[in-house]
Amino acid sequence: MKMIRSPQRLQKILGKERLRKKTVGFVPTMGALHEGHLSLVKAADRENDITVLSIFVNPSQFGPNEDFSKYPRVLGADKRLLRKVKVDYLFCPSVPAIYPKDHATCVAVGAELAEVLCGKFRPGHFQGVATVVAKLLNIVAPSRLYLGAKDYQQATVIRRLVNDLNMNVRVRVMPTVREKDGLAMSSRNRYLNPEERRRALALSHALFELRRCLLKKKGTLASLRTQTVRKLEKAVDRVQYFEIVDPATLAPLKKIQRKMAVLTACFVGKTRLIDNVIISFP
Ligand code: PAF
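Notes on the structure follow. If you're wondering where the values come from, they're calculated on a predicted model, not measured in any experiment.

## Digging into the environment of Asn-163
Step number 1: By secondary structure assignment, the location of Asn-163 is in helix H8 (residues 152-164).
Step number 2: By relative accessible area, which is 57% here, Asn-163 ends up exposed.
Step number 3: C-alpha separation for the pair Asn-163 and Arg-190, spaced 27 residues apart in sequence, amounts to 34 Å.

## Regarding the layout of surface pockets
Step number 1: Reported here for the second largest pocket is a volume of approximately 360 Å³.
Step number 2: Forming the walls of the second largest pocket are 17 residues, and the residues nearest its centre are Ala-149, Tyr-152, Arg-159, Val-173 and Ile-278.
Step number 3: Counting only elements with at least two residues in the lining of the second largest pocket, the list comes to H8 and strand E9 (271-280).
Step number 4: The dominant element in the lining of the second largest pocket, judged by the number of residues it contributes, is H8, at five residues.
Step number 5: Looking at side-chain class alone, the lining of the second largest pocket contains nine nonpolar, three polar and five charged residues.

## With respect to the pattern of salt bridges
As a working rule, side chains carrying opposite charge can pair if their charged atoms are close by.
Step number 1: One pass over the structure, following the stated rule, counts 13 salt bridges.
Step number 2: Put simply, Lys-86 and Asp-45 hold a salt bridge, and the shortest N to O gap is 3.5 Å. One end of the pair, Lys-86, is in the loop between helix H3 (75-82) and strand E4 (89-91); the other, Asp-45, is in helix H2 (residues 35-47), with 41 residues separating them in the sequence.
Step number 3: The exposure class assigned to Lys-86 is partly exposed, which follows from its relative accessible area of 37%.
Step number 4: Under the relative-accessibility criterion, Asp-45 is labelled partly exposed at 31%.
Step number 5: One continuous salt-bridge network, built from bridges that share partners, spans Asp-45, Lys-86 and Asp-88.

## Considering the nonpolar core
Step number 1: With 32 residues, the main nonpolar core has Leu-10, Leu-14, Val-52, Tyr-89, Leu-137 and Leu-145 as its most contacted residues.
Step number 2: Of all elements in the fold, only helix H1 (7-19), strand E2 (24-29), strand E3 (50-55), E4, helix H7 (125-140), strand E5 (144-148) and H8 reach the threshold of two or more residues within this core.
Step number 3: Here this core gets nine residues from one element, more than from any other, and that element is H7.
Step number 4: Contacts of Val-52, omitting those with residues within four sequence positions, involve Leu-10, Leu-14, Val-24, Gly-25, Phe-26, Val-27, Tyr-89, Phe-91 and Val-140.
Step number 5: The next biggest cluster of nonpolar side chains, apart from the first, holds 28 residues, and it includes Leu-192, Ile-244, Val-262 and Ile-279.

Procedures and definitions
- Residues numbered from 1 in each chain as written.
- Predicted model: local features only at pLDDT ≥ 70, side-chain atom pairs only at ≥ 80, totals over all residues.
- Heavy atoms only, no water.
- Helix = DSSP H or I, 4+ residues; strand = E, 2+ residues; numbered from the N terminus.
- Buried < 20%, exposed > 50% of the residue type's maximum accessible area, 1.4 Å probe, protein only.
- 1 Å grid on protein atoms, 1.4 Å probe; cavity = no way out; pocket = protein on both sides within 12 Å on 5 of 7 lines; lining within 4 Å.
- Points joined across faces, edges and corners; volume = space filled by probe spheres on them.
- Nonpolar A, V, L, I, M, F, W, Y, C, P; charged D, E, K, R; others polar.
- Salt bridge = Lys/Arg side-chain N within 4 Å of Asp/Glu carboxyl O.
- Core = buried A, V, L, I, M, F, W, Y, C linked by side-chain atoms within 4.5 Å.
- Contact = heavy atoms within 4.5 Å.

Pasting the structure below:
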């Protein structure tokens, strides 16, 4: 695994690899890696000749009161974890390398995708994500991009970015990797103390239970949603949102339909956790 900090150097190296007809799989991350990230690397390795993983804590996707400064930066541990998989290039640019002083361009995302669900509570977040992902895709120019389904709204925004801006890359969204007890793996899980870690389980349990009830048609969408939120509110400190939406458009649903996405964000202590399930009738 070769670590590269300069965008220009990586562009040059990957340009040569592409001339040799090598396909490139790209896994963008903010570090604090876990098994979820490793599953993306494994998929990239299976489907491409070369795997690139980036670690960049992107300031433009954090709000002023969010955890940018305390976001875990653990490059040594990340590199050790990456020994378990095959990464050819580890790209770790500095903030000025990605956002030089005169940086003036960003990607605006339509309100229907960027200002709902997480975006309602994190203004500017998806503009920051879309901008950095567009920049990273221009630097790496991969054949395939690997994202985790845990960040469902992010994956939806990035799919649309790639489509709307005619980018020549296939977006591969891989299943959420969970701890044995069901908690979705997340870099932010490390903020939880043991008592919060126990209560954090309520998110996946609520989503799985709702999926069971919906598949068995045990009530209306509205009644099942209300019951689930009530239960969840007893376990976590705050349910920021809990929505049942169309999986493609993220528009809220009033009635049960063949395919639905259920997404939630909750605070457990000071930690904000997100999770989701997709419900699909056969
Ligand atoms: O999911 C993440 O880690 C980030 O949002 C991403 C896609 C690397 C962009 O900064």
